[in-house]
Amino acid sequence: MKTLLKGGTVVNVFTDELEKANVLIEDERIIGVGDYSEADADCVHDVSGKYICPGFIDGHIHIESTMMLPAEFARAAVLHGTSAVVSDPHEIANVCGSEGIEFMLEASEGLPLDMYIMVPSCVPATSFDESGAELSAADIDPFYRRSRVLGLAEMMNYVGVVSGDKGVMDKINSAKAKGKVINGHAPLLSGRDLDKYVAAGIRDDHECSSADEAKERIRKGQRVMIRNGTAARNLYGLIDLFDDPWNRRCLLVTDDKHAADLIANGHIDDIIRLAVKAGKSAVTGIRMATLQAAEAFGLKNEGAVAPGYSANLAVLDDLDSVSVCDVYHLGKKVVSAGKLEEFENPKISAALKERVLHSFNLSSLCEKDFHIAASGIRKCRVIDLVKHQLITEEALLDIDFSNNNGVDTEKDILKLAVIERHRNTGHTGLGFIRGIGLKDGAIAASVSHDSHNLIVIGTGEADMAFAANRVRGLGGGMVVIRKGSVVAEMPLPYAGIMTDSPASDVAKQNEAVRESVHALGVPSDIEPFMTMAFVSLPVIPKIKMTTHGLFSSESWSIVPLFAD
């Protein structure tokens, strides 16, 4: 079967040229770009006045962070011209181990986009985390035999890399020996330590937040993934990378993006669109999101509109607005005039589904579980959020424990708890956080990177306990509580981080819980649940909360709440 796309303008990602040309497809491949006619084809699609570009590739995403199963994610993302994603399932792996990876492989089979997998490198992220599983080099090695597994996912334990930790290096060396890609994750690492990290074989990073940081990575041979997701919006801080010579070493990624944002604003197309509004070239953005992503992961014959390449294509009504009208996946038209062709969900084995649906092992909680034993005024370490960034600062503040056990909504000082929920150890980290803006009630979720323990932020112990128990009762999810009543909630029964609801329903629930928190004082430009989810990830500087208490990435140790 030969199909001709007639009358369009091809975006040439090899030369950055815009070329008037017809594109001839046979089955899953492009077989010609040029002056082909209707006589050469069995089927003709007139795309006059439109632009033909490669389908977009998200070079680093956690599907679990959309809170949708892979099929529902595909239903949302394909509409935006996405033809492939490189997914790291370390969220579900931290809950369910190898079975979680198997679940994601089964759940992503045969979709109208190519879902590649990077094997999680850090389960748990550090020895200070309490996750639901631990994966060694021997545990993850068998996955490299799978055709859709491209390599070792983000190596977050950069301290282990720099110090030559045996368990960390075993994973890296095994991937290197098999010729696999190794992704990086080393925020703010620089100088000699960065040299050691890169020399270990880690050739990219998505954690850069400034142009200077990113340019050092590029000079040392790494590729930089320009990330713009729901919580971490690094595009504008890295916008200079769209210029020469830097753009040739960059990819575009979302990392973590909530369903509501994906459906309302778009996927990789949204990043390109924002870059254009900032004065950058749409063609440059398209090249970074296609050919350069394919080359970074060794995907041969992917990411270009050229003979012999896969017929993964996006047809745009307009270039600068990246307005997607049609999408082709392996030569088949899967989106027509903005409407998705329906497809069947992949079959998932009953045993894997059952394992993933039962992930909570936690006793009921009470108010005293959220009480900090202290009196008077004490100097405390407080997690200070940095707006639109995952990094945090450490603030040393005088906390008055005689009033509401230290909570002061006027100064935006809120109580924070992270509770172990996989093995019922009873471990709970307690402290304070500034920068959320909540004025009343509590919010809680079982989405807390990367171990996905139960995390709660609140203005009082009663509402915090109610919120925690409600998430426990749901078997996972997000809840908003005020004065002992549920304001909004979003059940996430799959590993406590996903739901099998349709994409549109997920987006509506996501928006509802978000808006309910904004109604309780959180500013509209802060995504409360995604922001909260990263407060428990110790590998991101500078201070986070774990089930064992506050963790400092600078000292790489648990530090006391009290600093006096």
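Higher on the page you've got the structure.
Residues numbered from 1 in each chain as written. Predicted model: local features only at pLDDT ≥ 70, side-chain atom pairs only at ≥ 80, totals over all residues. Heavy atoms only, no water.

(A) Representation of the side chain of S553 within the structure. Assignment of secondary structure puts S553 in the loop between strand 29 (549-552) and strand 30 (557-558). In this view, S553 contacts Y158, P538, P541 and K542; residues no more than four positions away in its chain are not counted. (Helix = DSSP H or I, 4+ residues; strand = E, 2+ residues; numbered from the N terminus. Contact = heavy atoms within 4.5 Å.)

(B) Region of interest: the sheet that holds strand 17 (residues 323-329). Strand order in the open sheet made by the seven strands is 3-2-7-16-17-18-19, with mixed pairing throughout. The outermost strands of the open sheet, each flanked by one partner alone, are strand 3 (17-20) and strand 19 (339-340). (Pairing = 2+ DSSP bridges.)

(C) Layout of the layout of surface pockets. As a volume, the largest pocket reaches approximately 330 Å³. Lining of the largest pocket is provided by 20 residues; of these, P124, N157, D165, V168 and K171 occupy positions nearest its centre. Contributions of two or more residues to the lining of the largest pocket are made by helix 5 (158-163) and helix 6 (166-177). Here the lining of the largest pocket takes three residues from helix 6, the largest share from any one element. Residue composition of the lining of the largest pocket, by class: 10 nonpolar, seven polar and three charged. (1 Å grid on protein atoms, 1.4 Å probe; cavity = no way out; pocket = protein on both sides within 12 Å on 5 of 7 lines; lining within 4 Å. Points joined across faces, edges and corners; volume = space filled by probe spheres on them. Nonpolar A, V, L, I, M, F, W, Y, C, P; charged D, E, K, R; others polar.)

(D) Up close: the side chain of H206. Mapped onto the elements, H206 comes out in the loop between strand 13 (204-205) and helix 8 (211-219). For H206, a relative accessible area of 1% puts it in the buried group. Within the structure, the side chain of H206 is placed 3.4 Å from the side chain of H60, a separation counted as a polar contact. Reaching out from H206, the side chain makes a polar contact with the backbone oxygen of G184 at a distance of 3.4 Å. Beyond its immediate sequence surroundings of up to four residues, H206 is in contact with H60, E154, G184, H185, M225, R227, V253 and D255. (Buried < 20%, exposed > 50% of the residue type's maximum accessible area, 1.4 Å probe, protein only. Polar contact = N/O pair within 3.5 Å; in protein donor to acceptor, adjacent residues only side chain to side chain.)

(E) Quick look at the nonpolar core. Judged by nonpolar contacts, the single largest core of 128 residues is most densely connected at F73, F103 and I272. Counting residues per element, this core draws most heavily on helix 10 (residues 268-277), which supplies six residues. Those residues in contact with F103 that sit more than four places away from it in its chain are L69, I92, I348, L352, K353, V356, Y494 and M498. By size, the runner-up hydrophobic cluster in this structure holds 42 residues, among which are I101, I172, L189 and L537. (Core = buried A, V, L, I, M, F, W, Y, C linked by side-chain atoms within 4.5 Å.)

(F) Inspection of the sheet that holds strand 22 (residues 413-419) at higher detail. If you trace the eight strands from one edge of the open sheet to the other, you get 21-20-23-22-25-24-26-27, paired in mixed fashion. Bordering the open sheet on either side are strand 21 (392-400) and strand 27 (485-491), each of which pairs with just one other strand. With direction set aside, neighbouring strand axes in the sheet form an average angle of 25 degrees. Strands strand 22, strand 24 (442-445), strand 25 (454-458), strand 26 (477-482) and strand 27 of the sheet are contacted by helix 14 (residues 461-474), whose axis makes an angle of about 150 degrees with strand 26. The sheet strands contacting helix 15 (residues 503-518) are strand 24, strand 26 and strand 27, and the helix crosses strand 27 at an angle near 145 degrees. (Axes fitted to C-alpha atoms, helices over the stretch in contact; angles between N-to-C directions.)

(G) Geometry of the pattern of salt bridges. Counted according to the given criterion, the structure contains 34 salt bridges. Salt-bridge contacts for E102 lead to R146; the nearest nitrogen and oxygen are separated by 3.1 Å. Of this pair, E102 sits in helix 3 (residues 98-107) while R146 sits in the loop between helix 4 (137-140) and strand 11 (149-155), and the two are 44 residues apart along the sequence. Accessibility expressed as a relative area gives 24% for E102, which makes it partly exposed. The class for R146 is partly exposed, based on a relative accessible area of 33%. For D384, the salt bridge goes to R434, with nearest N and O atoms at 2.8 Å. Here the residue D384 occupies a position in strand 20 (residues 377-385), and R434 occupies one in strand 23 (residues 428-434), the gap between them amounting to 50 residues. It is possible to trace a salt-bridge network through shared partners that takes in K257, D269, D270 and R273. (Salt bridge = Lys/Arg side-chain N within 4 Å of Asp/Glu carboxyl O.)

(H) Region of interest: helix 14. Look at helix 14: 20 Å from first C-alpha to last across 14 residues, which is about the 20 Å you get at 1.5 Å a residue. Those residues of helix 14 that fall on the buried side of the exposure criterion are E461, D463, M464, A465, A467, A468, V471 and L474. Those residues of helix 14 that are buried are in contact with strand 22, strand 24, strand 25, strand 26 and strand 27. Following helix 14 by one or two positions, G475 adopts a phi angle in the positive range, close to 75 degrees. (Expected span 1.5 Å × (residues − 1).)

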